[in-house]
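# Examining the three-dimensional arrangement
Okay, here's what each chain looks like letter by letter:
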Amino acid sequence: MKTINIKDLQPGMFVVGVIRQAGHVRVKNQGWVRNEKGINNLINSGVLEVEIDPDKTLDQSQPETETVKEIAEAPKQDPWHKSVPVEAELGHAVQMYEQAKQLQEKTFLDIKEGRKIDVADFKETASGFIDSVFRNQDALACIARIREKDGYLLEHSLNVSILMSIFAKHLGFERTLIEELSTGALLHDIGKIKIPDEILQKPDKLSENEFAIMREHAKFSHDIVKDSGLGDIASEIAGFHHERLDGTGYPYAKKGEELSQYVRMISIVDVYDALTADRVYKVGMTPIQAFKKLKDGCPHEFDEHLLNQFIHCIGMYPVGTLVKLKSHRVGIVAASNPDSPLQPVVKVFYNAKNMFHVEVRDIDLSDKRVDDELEAAVKPEEFGLDLIKFFRHSMLP
Ligand SMILES: [Fe+2]
């Protein structure tokens, strides 16, 4: 057996397996590559190195025989496929995110002044998010993790929409369904616009009475989304996102079978984003802490199977998470590694032992030459780091 670079692969060679790849395409069969088309298929699938069996190389001067199996004929795209690198997607993703925030602001005003919401704008925003997620989900996932402390009201809905798109894509849903879920998620908290500001913005714990008023937002969301002409799934996820399987949720106290798979999905995503968000009055949890908390709510509140799926697609160390390595270096997870989730690419920029900034570098923890590993997810506050500033200066093109 011999490992060769994909550039050195020639028609007639027998491929035993894929050794290294940028994407995540499963090449099921071993086999001969018959022609340039077969080689190009592998290259387009992100294959970088393959193992070949030189003893089986065909003599290309001989005519092709029936017994020759073609490898990787039409690779099926799997949920982790990345057609562009994260660096190429980030700038575009930031722009979309900012535009979506402006749309939220405009809509808050529209509703306050009695105008109907413009569904087309939300559909377009959701569609842009989904396109980006299909090109490389790491970009928007990263932006959803790194956020402003006082931006919760606007950013939460965008993040829930992004996470729902990633989740739905992971579950293999059709594009039209992903669009409806993503649009509904963008609007799931729109009903908060009808809650008085002194309750909505209150930094302290709400009184029993105030909380009762706050709970009404889901009902308002349901009605606003229904009136806007979006489908039943969108209004259902907007209206029922605080319902729980055991009937302890609000405002309708629905339970069990009354809650569709889509409602079960958004209830997980909504809580995950709320727990991991930094608020004026609290530091957000790390993703692992949030997953643990959600697990505690299984199976009585949340659907355990779906939660496991969500954890699988987001990962313990999602892109955008601040992590500390064994070497004391601190950095942001810059690219996921679905084949080996504990070995992502980390953009390091700080040394926690000496407490100073170091030259920004990408460390691919799956690279055999790298003698380092993930130690823990950490909070920027522990080291006085400003992630947003770092993100703008070092990660955007
Ligand atoms: Fe809500």
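Residues numbered from 1 in each chain as written. Predicted model: local features only at pLDDT ≥ 70, side-chain atom pairs only at ≥ 80, totals over all residues. Heavy atoms only, no water.

## Side note on the overall build of the protein chain
Across its full length, the protein chain holds 13 helices and 9 strands. Counting only residues that meet the buried cut, the protein chain has 51% of its 397 residues in that class. Across the protein chain, contacts joining residues at least 24 apart in sequence account for 67% of those joining residues at least 6 apart. Here the protein chain displays about 19,500 Å² of accessible surface, and carbon together with sulfur accounts for 49% of that area. (Helix = DSSP H or I, 4+ residues; strand = E, 2+ residues; numbered from the N terminus. Buried < 20%, exposed > 50% of the residue type's maximum accessible area, 1.4 Å probe, protein only. Contact = heavy atoms within 4.5 Å. Areas by Shrake-Rupley, 256 points an atom, 1.4 Å probe, with all protein chains shown as cover.)

## Here's the deal with the confidence of the model for the protein chain
Here the protein chain shows a mean pLDDT of 86. Residues at 70 or above account for 92%. Confidence drops under pLDDT 50 across residues 63-76; counting only partners more than four residues distant or on other chains, this segment forms 26 contacts. (pLDDT = per-residue confidence, 0-100.)

## Things to note about the nonpolar core
Among the nonpolar cores identified, the biggest contains 94 residues, and Met-164, Leu-181 and Phe-310 are the most heavily contacted of them. Ranked by residues supplied to this core, first place goes to helix H3 (residues 119-145) with 11 residues. Composition of this core by domain shows at least three residues from each of domain 2 (86-314) and domain 3 (322-395). For Leu-181, the residues in contact, after removing those within four places along its chain, are Met-164, Ala-168, Phe-173, Ile-233, Ile-237 and Tyr-262. Membership of the second largest hydrophobic core comes to 11 residues, among which are Ile-6, Val-33, Leu-42 and Val-50. (Core = buried A, V, L, I, M, F, W, Y, C linked by side-chain atoms within 4.5 Å. Domains from an automatic or database assignment.)

## A look at the domain arrangement of the protein chain
Examined at the domain level, the protein chain breaks down into domain 1 (2-56), domain 2 (86-314) and domain 3 (322-395). Just the C-alpha atoms count here: the centres of domain 1 and domain 2 sit 42 Å apart.

## Focus on the coordination of the iron ion
Geometry reference: four tetrahedral donors at a metal, ideal angle 109.5 degrees. Six octahedral donors, ideal angles 90 or 180 degrees. For the iron ion, the protein coordination sphere consists of Asp-189 (OD), His-217 (NE2), His-241 (NE2) and His-242 (NE2), at 2.2 to 2.3 Å. Classification of the site at the iron ion as irregular follows from its 4 donor atoms and the range of 83 to 167° in their angles at the metal. Counting residues between consecutive donors of the iron ion along the chain gives the motif D-x27-H-x23-H-H. Placement of the pair is Asp-189 in the loop between helix H5 (175-186) and helix H6 (197-200) and His-241 in the loop between helix H9 (232-239) and helix H10 (261-276), with a sequence separation of 52 residues. Considered together, Asp-189 and His-241 belong to a single accessibility category, that of buried residues. (Donors = N, O, S within 2.8 Å, 3.2 Å for Na, K, Ca; no water. Tetrahedral: all angles 85-135°; square planar, octahedral: opposite > 155°, others 65-115°.)

## Quick notes on the side chain of Ser-267
Locating Ser-267 in the fold gives a position in helix H10. Those residues within four positions of Ser-267 in sequence are excluded, and the remaining contacts are His-241, Glu-243, Arg-244 and Phe-302.

## Notes on the sheet that holds strand S3 (residues 31-32)
Pairing within the open sheet is antiparallel, and its 4 strands lie in the order S1-S4-S2-S3. Taken across any chain shown, the strands that pair with only one partner, and hence form the sheet edges, are strand S1 (2-5) and S3. The sheet contact formed by strand S2 (residues 14-21) and S3 spans 2 bridges and is antiparallel. Across the sheet, residue Phe-14 finds its bridge partner in S3, namely Trp-32. (Pairing = 2+ DSSP bridges.)

## Some details on H5
With 12 residues, H5 extends 16 Å between its outermost C-alpha atoms, agreeing within 8% with the 16 Å of an ideal straight helix rising 1.5 Å per residue. Along H5, the residues that are buried comprise Leu-177, Ile-178, Leu-181, Ser-182, Thr-183, Gly-184, Ala-185 and Leu-186. If you follow the buried residues of H5, they end up packed against helix H2 (86-112), H3, helix H4 (152-170), H9 and H10. (Expected span 1.5 Å × (residues − 1).)

## Description of the pattern of salt bridges
Here the structure, examined in full by the defined rule, presents 18 salt bridges. A salt bridge links Arg-115 to Glu-113, with the shortest nitrogen-to-oxygen separation between them at 3.1 Å. The class of Arg-115 is partly exposed, set by a relative accessible area of 44%. In this structure, Arg-244 engages Glu-301 in a salt bridge whose closest nitrogen and oxygen atoms are separated by 3.7 Å. Within this pair, whereas Arg-244 is found in the loop between H9 and H10, its partner Glu-301 is found in the loop between helix H11 (287-296) and helix H12 (304-314), the two being separated by 57 residues in sequence. Salt bridges sharing common partners tie together Lys-106, Asp-110, Glu-113 and Arg-115. (Salt bridge = Lys/Arg side-chain N within 4 Å of Asp/Glu carboxyl O.)

## Observations regarding the sheet that holds strand S7 (residues 345-351)
In spatial order, the strands read S8-S7-S6-S5-S9; together these 5 strands make up an open sheet with antiparallel pairing. Edge strands, defined here as strands with exactly one partner in the open sheet, are strand S8 (356-364) and strand S9 (374-377). Across the sheet, the mean angle separating the axes of adjacent strands is 30° when strand polarity is ignored. The sheet contact formed by S7 and S8 spans 6 bridges and is antiparallel. (Axes fitted to C-alpha atoms, helices over the stretch in contact; angles between N-to-C directions.)

## Digging into the packing of H5 against H9
As a packed pair, H5 and H9 sit with axes 8 Å apart at the nearest point and diverge in direction by 35°. For the pair H5 and H9, the sense of crossing is right-handed. Judged by residue contacts, Leu-177, Glu-180, Leu-181, Gly-184 and Ala-185 of H5 engage Asp-232, Ile-233, Ala-234, Ile-237 and Ala-238 from H9. (Left-handed = near helix turned anticlockwise from the far one by under 90°.)

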